[in-house]
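If you want the building blocks of each chain, they are given just below.
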Amino acid sequence: MTKRRLNPISDFSDRKHIILAYEEQFTDRLALQVLDKPKLSVWMVLIPIIFVYYFFQYQKFVTSRKTFREHYLFSIQGALDEAFESVSQKRDPDIAGLAAVSDVPHDVRGCQADLLSVRVEHYSNLLRAEGDTFKDLAREVYRSPTDFLLFINRLHQAEQQVNKALLPHLEKDIEGIADVIANIERHSDDLRRESITVLFD
């Protein structure tokens with residue numbers, strides 16, 4: 001029986017959607033960890049004015065979650081787009097060009113380029129893999145939990161370097177930003193490590 005040959009561009013496009021969906025799901029899970037979601041109790045339902053206050057706080061949470069999602073996914077989307085273009089066009093990725101369009105301060109762009117390089121390499125490898133789910137793609141690229149953990153460590157270290165370089169710029173305007181960044185780093189690392197069990201069960 002002859003194996004059906006698929007259009008490679010179509011394959012890359014399908015895999016890109018799979019990868020993006022996974023990253024979106026991860027971002028939503030991370031947002032739930034780092035953003036304070038108001039809790040609804042029976043007393044709030046019974047007392048109208050308190051329920052109105054809860055609803056107001058919940059709407060703020062929803063807006064914050066949407067904003068967090070958009071900003072967190074911005075560089076991820078850029079790296080995935082560049083990986084897709086470079087793989088489908090069979091060219092080297094333009095990391096320098098990708099970093100240049102970033103909105104980070106000029107002195108942070110070196111670290112940003114390193115982070116983008118890790119992401120683009122990861123996405124490029126996933127795009128070239130065979131599979132119908134993110135789990136399929138990840139297991140083909142990273143043959144063992146240890147290999148995937150090594151990638152997670154590289155990604156985490158690259159993110160930390162960017163955050164460390166950004167911190168002096170952010171501390172001027174945002175009170176407590178160091179704690180916020182540390183919280184995001186901790187929860188994102190925890191969630192990624194948890195994903196190893198799911199992907200390599």
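Residues numbered from 1 in each chain as written. Predicted model: local features only at pLDDT ≥ 70, side-chain atom pairs only at ≥ 80, totals over all residues. Heavy atoms only, no water.

A.B. asks: How would you explain unusual backbone geometry if you had to name every residue and give the values?
C.D. replies: Phi at Lys-90 is positive, roughly 55 degrees, even though this residue is not glycine. Looking at where Lys-90 falls in the secondary structure, it is placed in the loop between α3 (48–88) and α4 (95–100). (Helix = DSSP H or I, 4+ residues; strand = E, 2+ residues; numbered from the N terminus.)

A.B. asks: Can you lay out the environment of Arg-91 for me, pointing to particular residues and giving the numbers?
C.D. replies: Summarising the element assignment, Arg-91 is placed in the loop between α3 and α4. Discounting residues that sit within four places of it in the chain, Arg-91 has contacts with Glu-82, Glu-85 and Ser-86. Of note is the side chain of Arg-91, whose polar atom sits 3.1 Å from the side chain of Gln-89. (Contact = heavy atoms within 4.5 Å. Polar contact = N/O pair within 3.5 Å; in protein donor to acceptor, adjacent residues only side chain to side chain.)

A.B. asks: Lay out the layout of surface pockets with the relevant residues and their values.
C.D. replies: Computed from the structure, the largest pocket encloses a volume of approximately 1,100 Å³. Along the wall of the largest pocket there are 28 residues; nearest its centre are His-71, Tyr-72, Ser-75, Asn-163 and Leu-166. Mapped by element, the contributors of at least two residues to the lining of the largest pocket are α3, α5 (109–128), α7 (145–171) and α8 (177–199). (1 Å grid on protein atoms, 1.4 Å probe; cavity = no way out; pocket = protein on both sides within 12 Å on 5 of 7 lines; lining within 4 Å. Points joined across faces, edges and corners; volume = space filled by probe spheres on them.)

A.B. asks: Got a sec to walk through the nonpolar core? Specific residues and values, please.
C.D. replies: Ranked by size, the top nonpolar core spans 48 residues in total, and within it Ile-19, Tyr-123 and Phe-148 carry the most contacts. Among the secondary structure elements, those contributing two or more residues to this core are α1 (8–34), α3, α4, α5, α6 (134–141), α7 and α8. Among the elements that make up this core, the one with the highest residue count is α3 (9 residues). Not counting the four nearest positions on each side in its chain, Ile-19 is found in contact with Leu-80, Tyr-123, Leu-126, Leu-127, Phe-134 and Leu-137. (Core = buried A, V, L, I, M, F, W, Y, C linked by side-chain atoms within 4.5 Å. Buried < 20%, exposed > 50% of the residue type's maximum accessible area, 1.4 Å probe, protein only.)

That's the geometry; what it means functionally is another story.
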